[in-house]
Amino acid sequence: MAKLGKLAARGLLAPFKALLPKSPWLRVLLYALPILVVLAFFGPALEVVLRLMEFVLQILQPMLETTVGRILLVVALLALTAAILCWLLRARVREMRAEAILGRHLFATAALVGMNRGRSREQFQRVARYRGPTPARFPHVVQDAQLKLARLALEAGDVDDALGWLARVVEPGLPKELQRSMLQLRLEALRRQGQVLPATLRREAESALQRFRGDVVVLGVLRDLSESEGNVDEAISWQEQIVASAAPSDRPIEQQRAVDMLSDAGQAALEAGDYDRARKLANKLQKADPTGEVGLLLSGDVCRATNTPRKAAQLYGKVRSPAGLDRIAELLSDYPGVVEIRELLAWCPMQGILLVVARELARAGDMDRAKRAARVAAEALGPTPTTCAVLAEVLELLGEQEKATLLREETVAQQLMRPTAHATSKDDGAGGGT
Amino acid sequence: MTLALSLVGRQDPETGGETAASLWDHLVDVALAPGVVELALVLATVAGCIGTWWRLVSLVRNARDRAALGDYLLGVEQALQGDLAGAEKRLASVLEQDPENHYARLMLGKVLGDLGETERAHQQHLYLQKAFAVESGENELLMARSLLAAGLPAESAEVAEQAMERMPGNANGWGFLYRARLQQGEHKAAARAGRRLLPLLKSAEERRLWRSELARNYAEQGALAWRSGDVASAATAAKAAEALDDQHSSLPLLRARLTGSQHGVPATARQLANVARAGSPSGDASRLPKPVTARPPLRMETFAGLLEPARWVCRACGAPLDRELLQCRRCGVSSPAELVEPALTRSLESPAEAMDRIDVNAAHVGRLVDALRHGEASARDELVALGRAAIPALIDAGAKGDEVVRDMIVEVCHAMGAELLPAWFQARDQHSQRRFWGRGDGPDSVLSAALQRFGRDALPHVQEMMRSAASDHRTVFIDFFLGMGDLDAFQVVLERFPPIDILHRINRAPAPLLETFLHAIPRGHFLVESMLLEPTFYRDEALLAAARRAQDPEVFVEVMLRRGATRTLVGAAIDAIADDDMAPIAARLLEGLGDAVLEHCLAAYARPDVSDDARSRLARVLVRGGAAAAAHISDSFGPEPSRSDDELRALLVVIGDQAVGTLVTSYERSGWLEKVSAGLVSRYNNRRLQISLALGELGTAPAIAALRSLRRDEKDDNLRIHLDRALHLAKDRRG
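Residues numbered from 1 in each chain as written. Chains lettered and ligands numbered in written order. Predicted model: local features only at pLDDT ≥ 70, side-chain atom pairs only at ≥ 80, totals over all residues.

Explain the overall build of chain B to me, please; I cannot follow it from the model alone.
Helix and strand counts for chain B stand at 41 helices and three strands. When burial is assessed residue by residue, chain B has 42% of its 735 residues classed as buried. Of the contacts made within chain B by residues no fewer than 6 positions apart, 57% connect residues no fewer than 24 positions apart. (Helix = DSSP H or I, 4+ residues; strand = E, 2+ residues; numbered from the N terminus. Buried ≥ 20, exposed ≤ 12 C-beta atoms within 10 Å, placed from the backbone. Contact = placed C-beta atoms within 7 Å.)

Here it is, written out as structure tokens:
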């Protein structure tokens, strides 16, 4: 029955509803109109209304007569209109503000991607100041802007500003991508700020690393911390992780750094007399950089320090670079005659070793063989600066000062002479025919 | 407006001032009219509202136009934080949903570049530029980066140049362009980019470093200009470099080169070398580099700071590197290290050989000798330098080798000097002791040739050695003295060695040596009697050869005639008659030797390979042989007629009447078959026919008489006919 009544009521009211305006406010006004008409019949009430209107007119009248008053009235009217509109359209205004701030954030991001740092910072600052409703499609727009601002500040070297922006970031609810950025930036800012206790920084970094394994920035902070604390092994370990996680374009540099760190640690261990550790580091170096020279050089250094110069010479000989020759020369200076020349040539079958041989023979006073070795070296190597320098030294050792002087002069002259057409272009280092 | 009015007033201070004032009053009146200001306010407010609305709408539209917006923003953040894989994935998905999100594409390109996927990165940037017509400096710069990573520095630099036209304030861009140009080897273009970057750098330290870098660049430009001969440009570049950083390590070499161009290289080099030695510059050297006193173990010599103490350089930009880096810090090229002196690390082909060379042991000398045999000049020089140590191996090689090898070794011996001759003989003795079944001529031929090569220089040493000479050495010494052609010196040989030995050696001496010696023998010298006329002297051909160049050939002719017609001499003389120079002597000799050689001459005459000249000369010898020659000729006619019959007959005709008697005798001589056959075998043969013809052709009275006599006695009909014909021919000739 009730349903039947409802259906009847709907049917009766339907034409009226169809005639009513669509806007709910106009409908309210329409509904209110009969009530007001009824109220108009009530004299006192009307009186009150009229008096109120008169009162208002009395206030407005003087204002309407002056320009300033009229201006004030226009301003007040416009403000009231705007306020009413905003109140009436508040949902849409909220939505529009959110979309607008998102649009501004996009502009800022575009400027950032387009390397327009100034414009990007300006726009992000406006986004970061925003306190209105957040856009549904990206509710973390303010935090993102704050993070970007912190990043820009760090890039510009303004650590305090960066910290300020980071401190304003509301963390709860942040997506993990932004969290990662925040942790990275905070670590970096704290590290650069320099007043934070290392323990605090380490704790932060380690917790960040637990959340984001393999994060190169966090690993870099941990590596720097370990280095500053003198914990070389740990630093090396972090650096190895960095190498594993680094972007391909950065990997060569990080790899180089890892090798340098291992090498430095090995040298430090050597100087400290910790030969076992140095040996381990040398092995590690050879694994980390199998084609490089530093591992073998360090192994050789360890052998040299442990008084096994022959083994050291063998290892240096395997290094196919001038550094290996340098070390052999050093070794022979410290341990003259420890290696037979024939052995040395077999262990280090490079043409450069002939120079070492010539010099060692000259030092040992074996003049004839020294001369012959010098001759062989000169023929094999040609008149390179090193060849000329060492041969001049050999000549001095053989007591032929004038020839040595002449050789040096000729080498210098060769550097000053313009190469002929058939000569190689890279003559600066290689010298010419002396 | 007020300003405008005041300007009007200034233009016409007398009348215009009033006009301006009235206009101003009028405007004030209008403004104060009711509703004007209010209307203006309302209009301004409405305009402001519209403007704000328009801006808001554009922002909103900007946001609403983008799909996958959250992913885009998070992708950008991931890219910034270094999560490249995550960023790539997210940005790629953004582009799938919103392909027109250019900034997402730009960022994706950047991320791909960082991931090392240069081709894909370049594709994204190319899409932006070409497909979407995005004119973005940043996009072009990233495209340039991908091109550089792909190993195309020239193309990269071009694109980067375009990008920097759009964004000249981008310091990173100029830095990138600088690196790209360096990788390309365009130092000038790089310097232009570097100059643009300099004012954009913020910190003083950065600017200082960059000035230093630019100084290197200008120094390199200067070096290039200097190499191409443009000294003026080199000087300009040097000045530019000095203005930027006058202490830069790359400048000393350029300065020194310019100084060298100005004052001469030798003087500058000497000065620099002195500076290096003295340790302090002086005078004009004040602008030259200071000496470097630090001496590394195996010195990378800088030569008074001229060179930079780096063993490695970047293969692209030429910057010195302290070791083998994975990436050049200056130009960014990967695996840049290149050794300044690559020869230092080049492999020794054979360490053992090198050591042998230093020790100069037998193996090394053996190798050198082998190399010498293959014609390597360096081996010769080294063998000469080795001297005494190389001699045994050379002797061994010479003993086994052919003539070419022997000549090479003789050259080496000569280059070593005569003072080492005793060592050569010593080595020869050692070799002889070892020698069992040797190949070749043995070492004596080498030593002999070597002594000849030395000539008179070897005389003191040879005389010294002869005092203790072993009998084995006689051969060499005799050869030496023979080759000297000095009879006074040869006296030593005569005094020391038995004549039989000397004669034996002379018989075996090489022809040139013997000839030289024979030339020296004057007429009437006792050696002629004591040696040349000895029956055991077998070198007649040497005598003949010596006569050729001798000042007095008659000495040898006389000796040869006295020695008589030996087989060797006759053969040599007949051979020599073909030689224009030797022909007179040979003819004279053959004629002088008489009948004994006529048969040999006739045999040579009949040889088909003899030249016409030689044949005519032999014919002359035969003709001079007269009746004896005619006898041999008439015996030379074969059983059947041949072509040579005519020539022989002609010879007989030339011999003339001397031959008639011999011919008749020869005609009448019967063979043994004729004698035993008792007339059964015909007398008619070619010999008799040719003799009859010869007599006919001769046509002299004795010849006719001989023909008649023969006709008369002849019983053979055929021969009679021929004799009749010859008689008619003779008569015709005579008639």
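What follows picks up the thread again.
Can you help me understand the sheet that holds strand E2 (residues 320–321) of chain B in this one?
Two modes of strand pairing occur in sheets, parallel and antiparallel, and in both the strands are linked by backbone hydrogen bonds. Residues and elements named next belong to chain B. Within the open sheet, the three strands sit side by side as E2-E1-E3. Their pairing is antiparallel. Each of the sheet's edge strands pairs with one partner strand only, and the pair in question is E2 and strand E3 (337–339). The pairing of strand E1 (residues 312–314) with E2 spans two bridges and is antiparallel. Counterpart to Trp 312 in the pairing with E2 is Leu 321. (Pairing = 2+ DSSP bridges.)

Sorry if this is basic, but what is going on with the interface of chain A and chain B here?
By a widespread convention, an interface's size corresponds to the accessible area lost as its parts come together. Counting from both sides, the interface comprises 84 residues of chain A and, opposite them, 79 residues of chain B. Counting residues per element, the side of chain A that touches chain B draws most heavily on helix H5 (residues 90–113) of chain A, which supplies eleven residues. Its residues assigned to classes, the side of chain A that touches chain B comprises 44 nonpolar, 21 polar and 19 charged. (Nonpolar A, V, L, I, M, F, W, Y, C, P; charged D, E, K, R; others polar.)

Sorry if this is basic, but what is going on with the environment of Glu 338 of chain B here?
Residues and elements named next belong to chain B. Within the element layout of this structure, Glu 338 appears in strand E3. Residue Glu 338 is classed as partly exposed on the basis of its C-beta count, with 16 C-beta atoms lying within 10 Å. Along the sequence, Glu 338 and Pro 320 sit 18 residues apart, while their C-alpha atoms lie 9.4 Å from each other. Look past the residues within four positions of Glu 338 in its chain and what remains in contact with it is Trp 312, Val 313 and Arg 315.

Explain helix H20 (residues 403–416) of chain B to me, please; I cannot follow it from the model alone.
Each full turn of the α-helix corresponds to 3.6 residues, which orients residues three or four apart in the same direction. Residue and element names in this part refer to chain B. In this model H20 runs 20 Å from its N-terminal to its C-terminal C-alpha over 14 residues, within 8% of the 20 Å that 1.5 Å per residue would give. Within H20, the full set of buried residues consists of Arg 406, Met 408, Ile 409, Val 410, Val 412, Cys 413 and Met 416. On its buried face, H20 is in contact with helix H17 (362–373), helix H18 (377–386), helix H19 (391–400), helix H21 (421–434) and helix H22 (443–454). Trailing H20 by a residue or two, Gly 417 shows a phi angle of about 105°, which is positive. (Expected span 1.5 Å × (residues − 1).)

What is the right way to read unusual backbone geometry from this model?
Peptide bonds are mostly trans, and most non-glycine residues show a negative phi. For Asn 307 of chain A, which is not glycine, the phi dihedral falls at a positive 65°. Take Asn 307 of chain A: it is sitting in the loop between helix H15 (294–305) and helix H16 (309–318). Its identity as a non-glycine residue notwithstanding, Ala 133 of chain B has a phi of 50°, on the positive side. Structurally, Ala 133 of chain B is set in the loop between helix H7 (118–131) and helix H8 (137–149). On the basis of neighbour counts, which here come to 7 C-beta atoms within 10 Å, the residue Ala 133 of chain B falls in the exposed class.

Quick question: what am I supposed to make of the confidence of the model for chain A here?
When pLDDT is low, close inspection of the predicted coordinates is not appropriate. Residues and elements named next belong to chain A. In the predicted model, chain A carries a mean pLDDT of 85, and 96% of its residues have values of at least 70. When mean pLDDT is taken per element in chain A, helix H7 (residues 141–155) scores highest with 93 and helix H23 (residues 427–430) scores lowest with 40. Low pLDDT, under 50, characterises residues 421–434; the stretch is placed with 34 contacts to residues that sit more than four places away or in other chains. (pLDDT = per-residue confidence, 0-100.)

Help me understand helix H14 (residues 275–288) of chain A in this model?
All names here are of chain A. The first and last C-alpha atoms of H14 sit 19 Å apart over 14 residues, in line with the 20 Å expected at 1.5 Å per residue. Of all the residues in H14, the buried ones are Ala 278, Leu 281, Ala 282, Leu 285 and Ala 288. Considered in projection along H14, the buried side chains sweep an arc of 125° and stay on one side of the axis. When the buried face of H14 is taken as reference, the exposed residues oriented beyond 90 degrees from it are Asp 276 and Lys 287. Check the buried side of H14 and you find it contacts helix H13 (251–272) and H15. (Arc of directions from axis to C-beta.)

I would appreciate a short explanation of the environment of Arg 620 of chain B in the present structure.
Within the element layout of this structure, Arg 620 of chain B appears in helix H34 (residues 612–624). When the C-alpha atoms of Arg 620 of chain B and Leu 651 of chain B are compared, they prove to be 8.8 Å apart, with 31 residues separating the residues in sequence.

What's the story with the packing of H22 of chain B against helix H24 (residues 474–484) of chain B in this structure? I'm lost.
All names here are of chain B. Contact geometry of H22 with H24 gives a least axis separation of 9 Å together with a crossing angle of 30°. In this view, H22 runs roughly parallel relative to H24, as classed from their interaxial angle. Of the two elements, H22 crosses H24, and the hand of that crossing is right-handed. Residues Asp 444, Leu 447, Ser 448, Leu 451 and Gln 452 of H22 pack against Thr 475, Val 476, Asp 479, Phe 480 and Gly 483 of H24. Among the residues making up the contact of H22 with H24, the classes are represented as four nonpolar, four polar and two charged. (Axes fitted to C-alpha atoms, helices over the stretch in contact; angles between N-to-C directions. Parallel < 35°, antiparallel > 145°, perpendicular 65-115°, else oblique. Left-handed = near helix turned anticlockwise from the far one by under 90°.)

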